[in-house]
Amino acid sequence: MAAHPACRDPPSRAGPAIPQEDFPVTPRPEVPETFRAAPPAATPAPRRPAATPAAADPAPPSPSTEPPSADVPTAAPAPPLDAAERERLLAGAHHDPHAVLGAHPREGGVLVRALRPFARSVSVLTPRGRAELHSEGDGLFAGVLPGPAEVPDYRLRVAYDGDTVIETADPYRFLPTLGELDLHLIAEGRHEELWTALGAHPMTVDGVAGTRFTVWAPNARGVRVATDATYWDGTAQPMRSLGSSGVWELFLPGVGEGTRYKFDVCRPDGSHGLRADPMARRTECPPDTASVVTASAYRWGDAEWLARRAERPVHQAPFSVYEVHLPSWRPGSSYRELAEHLPAYVNDLGFTHVELMPVCEHPFGGSWGYQVTGYYAPTARLGTPDDFRHLVDALHQAGIGVLMDWVPAHFPKDDWALARFDGTALYEHPDPQRAEHPDWGTLEFDYGRAEVRNFLVANAVYWCEEFHIDGLRVDAVASMLYLDYSREYGQWSPNEFGGRENLDAVRFLQEMNATVYRRCPGVVTVAEESTAWDGVTRPTHQAGPQGRGGLGFGLKWNMGWMHDSLEYVAKEPVHRRYHHHEMTFSMVYAYSENYVLPISHDEVVHGKGSLVSKMPGDWWQQRANHRAYLGYMWAHPGKQLLFMGQEFAQGAEWSEGHGPDWWLLDPAYSAHGDHAGVRDLVRDLNARYAETPALWERDTDPAGFAWVEADAAEDNVFAFLRLAADGSPLLAVTNFSPVVRHDYRIGVPEGVAAWRAVLNTDAARYGGSGVTPPDPVRPWPVPAQGRPASLVLTLPPLATLWLRPA
């Protein structure tokens, strides 16, 4: 897929010609400005120094040149560095480079050591003047500044060949910028705002602007920061280990937003690998893979939406979802361009929510976002993180909720991402049988490891809090729950109780749901779970028949209804009598969970054809079946989800390469009315649905539904009542036969003087035949289907009727 212009790589703040990330400045003969002295940093401090988010960096000045000065004093020689420490430092395998580099008091003065590969000379600038350090080879420079054994305010002046000179604060003069509480929570796996502690964060420390880099790599021998400004050589920027937490940290002065970076990880065997930041909040546009330093400046305008979204539980509210593949909905559009069109389109059709796929960064566009490498970064294909915030904000201001697909089940094996991140099985399970996902060639997370569980739980919270996401549709939950998922005998081991349940995954899902619902009022989590697991939408504190709490999801995709109903409507009407139970069986378990009825992207790809193309008969019958099916779906207990393109009966199956066939709606196309009619029906379905509490108020209450006619297999007819909390009814009648059924008697409750059809999918304006019942229809005092009164209706062919009290 062609990259959008928004994917263009951001400019480096340091300039492409400078072999360090620091800003070059014009050399000055006078004493440099004073900086507060930093104490030795050999031991992590128990407190966090004052740090504030850095303002946007100004454009750096051009490099300056000056001839070498012959009268600059030279510092006294420093004792040689221990050979083993020197080797570890240069090999990127030192756990505490701050103990070797930087300024350290000693008898007779202050020892200063710097690691600046390719530098011609390094000098120290202090209030007392400038002193040149001695070269120790391999880019190391050191010297002893005579005087009191107190670290003065100082900067480094670094000269390179070509007379390029840089002045910079020394990264190794700063205390750790992570406090003990952060490290304690990370080690315990309970840091619910993990993204504020790990990753790359522009900030100002002790008056110096730069970026703090932190990464969790507990088994690494050493970690260095490599940036585009250093030509991806991290030699000069080794990070320090912050103890048993497994976190490495370094504050780099002068590094600001837009800088590309990776972590150079020294593995336990001494080999090195450049790795993207697992916590990166912005990335390069694929196929490039670097992380990008970023900070949000977005100002939200959706306070009213957020204030009222928790007023009513989602399972007792209207909830119809338009599923959108963002890169192909309008191919070539950026997040901001989508914000100009998507909210208006969805609002016009009356959907209450959109579900977006993909959102998280992923290397291969053909995966549709389901093989994630950047869990904390919106895909850069369509713009920046703030551009994505703008899209969510625009949808909220249009009154539309935003769900996103979230994929904590597995991740790809790309050697620059999460797989064996520090040279060991870190994010994936250490048991190869547990780590390998058999279906997708990916790796499964180690849900039993506290830090990995924390990475995912905090990620769920991150999207809801930082991007105002209203719901997470969790992909492939079944593959997480079962140890034997897609595995044969001998390819899996039972849990401690001898069962096949993945108890670590169960605990993770319970923690994720409980945390999201506690922190983010009004947010809903939705499980794509295809088995009969007990208690997917039961609260985590309520034990079920098997003695364990529920998973805690708000809603669950009803995959059984989807498969059964599509199997039924794909049959020729003459054969449907033999499959009648496939449409009624869903009501046997309809109230076992809180359900969504999904016609998703999975049902219109890979040779399955579009929804309308699944229907039998000629083009008219296909569209009529399509309309009748949607009418039946919107009336059935459960929420609705429809993938883009199906709202106007696109004939071709979906392809991520070109998206919906919008040309079908062009008035210049001779059959545009056929497709516009289906879209008009979807608009009316959503409008009638929203204004009819009987269709959503008691969605999870068996008292909100009653069959009227469930056994008319020979007629291909179904009829049922939906009931609001106050008892007001809606009668839905579907005729899945291509013949008009005259004088068809349907039982109704007493006390209703007349009924009026509020929706008829056979209406001429939708492309139907225009067969309509009388308006209003008065009941007869004739019992039918066990009810005291009945209506005598004319049932249109391949159509659904909705009737309400007149």
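For clarity, every value in this text was computed on a predicted model and none was experimentally measured.

Criteria and cut-off values
- Each chain carries its own residue numbering, running from 1 in the direction its sequence is written.
- It should be noted that, the model being predicted, local features are given only for residues of pLDDT at least 70 and side-chain atom pairs only at 80 or more, the latter also being counted only at that level, while totals for whole chains, interfaces and linings use all residues.
- Computation of side-chain values covers all heavy atoms of the structure but excludes hydrogens and water.
- Strands are runs of DSSP state E lasting at least two residues, helices are runs of H or I lasting at least four, and both sets are numbered from the N terminus onward.
- Only protein chains enter the calculation, and the probe is 1.4 Å; a residue is then buried if its accessible area is under 20% of its type maximum, exposed if over 50%, and partly exposed in between.
- This count recognises Lys and Arg as positive and Asp and Glu as negative, with His and chain-terminal groups excluded.
- By convention, the charge on Lys lies at NZ, on Arg at CZ, on Asp at CG and on Glu at CD.
- A pocket here means an open set of points on a 1 Å grid, computed over the protein atoms alone, that has protein on both sides within 12 Å along at least five of seven lines. A cavity is instead a set of points where a 1.4 Å probe fits but cannot get out; residues with an atom within 4 Å of a point line either one.
- Grid points are joined across faces, edges and corners, and a volume is the space filled by probe spheres set on the points.
- As a working rule, the residues Ala, Val, Leu, Ile, Met, Phe, Trp, Tyr, Cys and Pro are called nonpolar, Asp, Glu, Lys and Arg charged, and the rest polar, with Gly in that last group.
- Should a side-chain nitrogen of Lys or Arg be within 4 Å of a carboxyl oxygen of Asp or Glu, the pair is scored as a salt bridge.
- Aromatic pairs are defined between Phe, Tyr and Trp rings, using the six-membered ring for Trp, whenever the two ring centres lie within 6.5 Å; interplanar angles under 30 degrees are classed as stacked, those over 60 as edge-to-face, and all others as tilted.
- To obtain an axis, a line is fitted to C-alpha atoms, over the contacting stretch when the element is a helix, and the angle between two such axes runs from 0 to 180 degrees between their N-to-C directions.
- Between 65 and 115 degrees an angle is taken as roughly perpendicular, under 35 as roughly parallel, over 145 as roughly antiparallel, and anywhere else as oblique.
- Less than a right angle of anticlockwise turn of the near helix away from the far helix marks a crossing as left-handed, whereas a clockwise turn marks it as right-handed.
- We call two residues contacting when some pair of their heavy atoms lies within 4.5 Å.
- Criterion for a disulfide: a pair of cysteine sulfur atoms at a distance within 2.5 Å.
- Between any two strands, at least two bridges found by DSSP are needed for them to pair.
- The criterion is simple. A nonpolar core is a set of buried Ala, Val, Leu, Ile, Met, Phe, Trp, Tyr and Cys residues joined through side-chain atoms within 4.5 Å.
- Under the convention used throughout, the expected extent of a helix is 1.5 Å for every residue step, that is, one less than its residue count.
- We define a polar contact as two N or O atoms separated by no more than 3.5 Å, with the added condition that, inside protein, one atom must be a possible hydrogen donor and the other a possible acceptor, whereas residues neighbouring each other in sequence contribute only through side-chain atom pairs.

Visitor: Hey, could you go over the overall build of the chain for me, with residue numbers and the actual values?
Guide: Regarding its fold elements, the chain presents 15 helices and 36 strands. Based on the C-alpha atoms only, the size of the chain along its principal axes is roughly 110 × 65 × 45 Å. Counting across all 806 residues of the chain, residues that qualify as buried make up 61%. In the chain, the 70 positive side-chain charges and the 102 negative ones have mean positions that sit 2 Å from each other.

Visitor: I'd like a rundown of empty space enclosed by the protein, residues and numbers included.
Guide: Inspection of the entire model under this criterion finds eight cavities of 30 Å³ or more. Computed from the structure, the largest cavity encloses a volume of approximately 90 Å³. Forming the boundary of the largest cavity are Ile 186, Leu 194, Leu 198, Val 215, Trp 216, Asp 277, Pro 278, Met 279, Tyr 427, Glu 451, Asn 454 and Phe 455. The set of elements that each furnish at least two residues to the lining of the largest cavity consists of β11 (208–216) and α8 (450–466). No other element matches the three residues that α8 contributes to the lining of the largest cavity. By residue class, the composition of the lining of the largest cavity is nine nonpolar, one polar and two charged.

Visitor: Give a detailed account of the pattern of salt bridges, specifying residues and quantitative values.
Guide: The full count for this structure, using the stated rule, is 43 salt bridges. Note that Asp 348 is salt-bridged to Arg 683, the shortest N-O span being 2.9 Å. Here Asp 348, found in helix α5 (residues 335–349), pairs with Arg 683, found in helix α15 (residues 672–690); they are 335 residues apart in sequence, far enough to count as distant. The class for Arg 683 is partly exposed, based on a relative accessible area of 22%. Here Arg 577 ties to Glu 714 by a salt bridge, and the two come within 3.1 Å at their closest N and O atoms.

Visitor: Go over unusual backbone geometry, please, and point to the residues and values.
Guide: Of note, the bond from Pro 286 into Pro 287 is cis; its omega dihedral lies within 30 degrees of zero at 15 degrees. Looking at the element boundaries, Pro 287 is found in the loop between β16 (272–275) and β17 (291–292). A cis amide bond, omega -10 degrees, links Met 357 with the succeeding residue Pro 358. Looking at the secondary structure, you find Pro 358 in the loop between β19 (353–357) and β20 (360–361). A positive phi angle is found at Phe 118, which is not glycine, with a value near 75 degrees.

Visitor: Report on the packing of aromatic side chains, specifying residues and quantitative values.
Guide: Overall, the coordinates contain 46 aromatic pairs when judged by the stated rule. For the ring pair Tyr 427 and Phe 455, a centre distance of 5.1 Å and an interplane angle of 65 degrees mean the geometry is edge-to-face. Pair noted here: Tyr 427 is in the loop between β22 (401–406) and α7 (432–435) and Phe 455 is in helix α8, with a separation of 28 residues, a long-range link. Tyr 427 sits in the buried class, given a relative accessible area of 3%. On the accessibility criterion, Phe 455 (2% relative accessible area) is buried. Between Tyr 632 and Phe 718 the ring centres are 5.8 Å apart and the planes differ by 65 degrees, which places this aromatic pair in the edge-to-face class. A residue pair is termed long-range when its members are at least 10 positions apart, and Tyr 632 in helix α14 (residues 619–635) and Phe 718 in strand β31 (residues 717–723) qualify at 86 residues. Tyr 632 sits in the buried class, given a relative accessible area of 1%.

Visitor: Go over the packing of helix α11 (residues 559–569) against α14, please, and point to the residues and values.
Guide: Two numbers describe how α11 lies on α14: the axes approach to 12 Å, and their chain directions differ by 150 degrees. By the angle class used here, α11 and α14 are roughly antiparallel. Of the two possible hands of crossing, α11 and α14 adopt the one that is right-handed. Touching Trp 561, Ser 565, Leu 566 and Val 569 of α11 are Tyr 629, Tyr 632 and Met 633, all from α14. A per-class count over the contact of α11 with α14 returns six nonpolar, one polar and no charged.

Visitor: A description of the state of the cysteines should follow, citing residues and the corresponding values.
Guide: Evaluation of the coordinates by the stated rule reveals zero disulfides. Lacking any disulfide linkage, Cys 520 is separated from the closest cysteine sulfur, that of Cys 464, by 4.5 Å. The exposure class of Cys 520 is buried, given its relative accessible area of 3%.

Visitor: Lay out the pairing of strand β2 (residues 102–106) with the relevant residues and their values.
Guide: Looking at chain direction, β2 and strand β3 (residues 109–115) are connected through five bridges and run antiparallel. Residue Pro 105 lies in a different strand from β3, and its bridge partner there is Val 110. Between β2 and β3, which pair antiparallel one after the other, the connecting turn spans two residues, and Gly 108 there sits at a positive phi close to 90 degrees.

Visitor: Summarise the nonpolar core; cite the residues concerned and give the values.
Guide: Ranked by size, the top nonpolar core spans 170 residues in total, and within it Tyr 322 and Phe 388 carry the most contacts. Per element, the largest residue contribution to this core is 10 residues, and it comes from α8. If you look at the next biggest cluster of nonpolar residues, it comprises 20 residues, including Val 708, Leu 721, Val 777 and Leu 793.

Visitor: Mind laying out the side chain of Asn 502, listing which residues take part and the relevant values?
Guide: Mapped onto the fold, Asn 502 is located in the loop between α9 (477–481) and α10 (503–519). Residues contacting Asn 502, with those up to four places away along its chain left out, are Arg 434, Tyr 447, Met 480, Leu 481, Tyr 482 and Leu 483.

Visitor: Tell me what's going on with the sheet that holds strand β9 (residues 164–168), and back it up with residues and numbers.
Guide: Pairing within the open sheet is antiparallel, and its four strands lie in the order β5-β4-β8-β9. A single partner strand is all that each edge strand has here, and the edge strands are β5 (129–132) and β9. Across this sheet, the average inter-strand angle for adjacent strands is 25 degrees, counted without regard to direction. Relative to β9, strand β8 (residues 155–160) runs antiparallel, the two sharing five bridges. Residue pairing for β9: Leu 156 is matched across the bridge by Thr 168.

Visitor: Lay out the sheet that holds strand β6 (residues 134–137) with the relevant residues and their values.
Guide: Hydrogen bonds between backbone atoms are what pair the strands of a sheet, whose relative direction is either parallel or antiparallel. Spatially, the four strands line up as an open sheet ordered β2-β3-β7-β6, and their pairing is antiparallel. Only two strands of the sheet have a single neighbouring strand rather than two, namely β2 and β6. Averaged over all adjacent pairs, the angle separating strand axes in this sheet is 25 degrees, with direction ignored. Pairing analysis gives three bridges linking β6 to strand β7 (residues 140–146), with the strands arranged antiparallel. Bridging across to β7, Ser 135 finds its partner in Phe 141. Its contacts with the sheet place helix α1 (residues 83–90) against β3, β6 and β7, and it is angled at close to 125 degrees to β7.

Visitor: Before we move on, can you summarise α14 with the specific residues and values?
Guide: Side chains of residues three or four places apart in an α-helix project in the same direction, reflecting 3.6 residues per turn. End to end, α14 covers 25 Å across 17 residues, agreeing with the expected 24 Å (1.5 Å per residue, within 8%). Among the 17 residues in α14, 14 count as buried, and that is most of the element. The opening residue of α14, the one whose side-chain oxygen lies 3.2 Å from the backbone nitrogen of Trp 620, is Asp 618.

Visitor: Give a detailed account of the environment of His 581, specifying residues and quantitative values.
Guide: Position of His 581 relative to the elements: it lies in helix α13 (residues 581–584). Here His 581 falls in the partly exposed class, since its relative accessible area comes to 49%. Placed 13 residues apart in sequence, His 581 and Tyr 568 show a C-alpha to C-alpha distance of 9.0 Å.

Visitor: Explain α11 residue by residue, including any values.
Guide: Three or more residues of α11 are buried, namely Met 559, Trp 561, Met 562, Ser 565, Leu 566, Tyr 568 and Val 569. Where α11 is buried, its residues meet β27 (555–557), α12 (573–576), α13, β28 (595–599), α14 and β31.

Visitor: Residue-level account of the layout of surface pockets, with values.
Guide: The computed volume of the largest pocket comes to approximately 1,100 Å³. Lining the largest pocket we find 49 residues, and of these Pro 313, Val 314, His 315, Val 524 and Gly 554 sit closest to its centre. The set of elements that each furnish at least two residues to the lining of the largest pocket consists of α3 (303–308), α10, β27 and α11. Residues belonging to the lining of the largest pocket are distributed by class as follows: 20 nonpolar, 19 polar and 10 charged.

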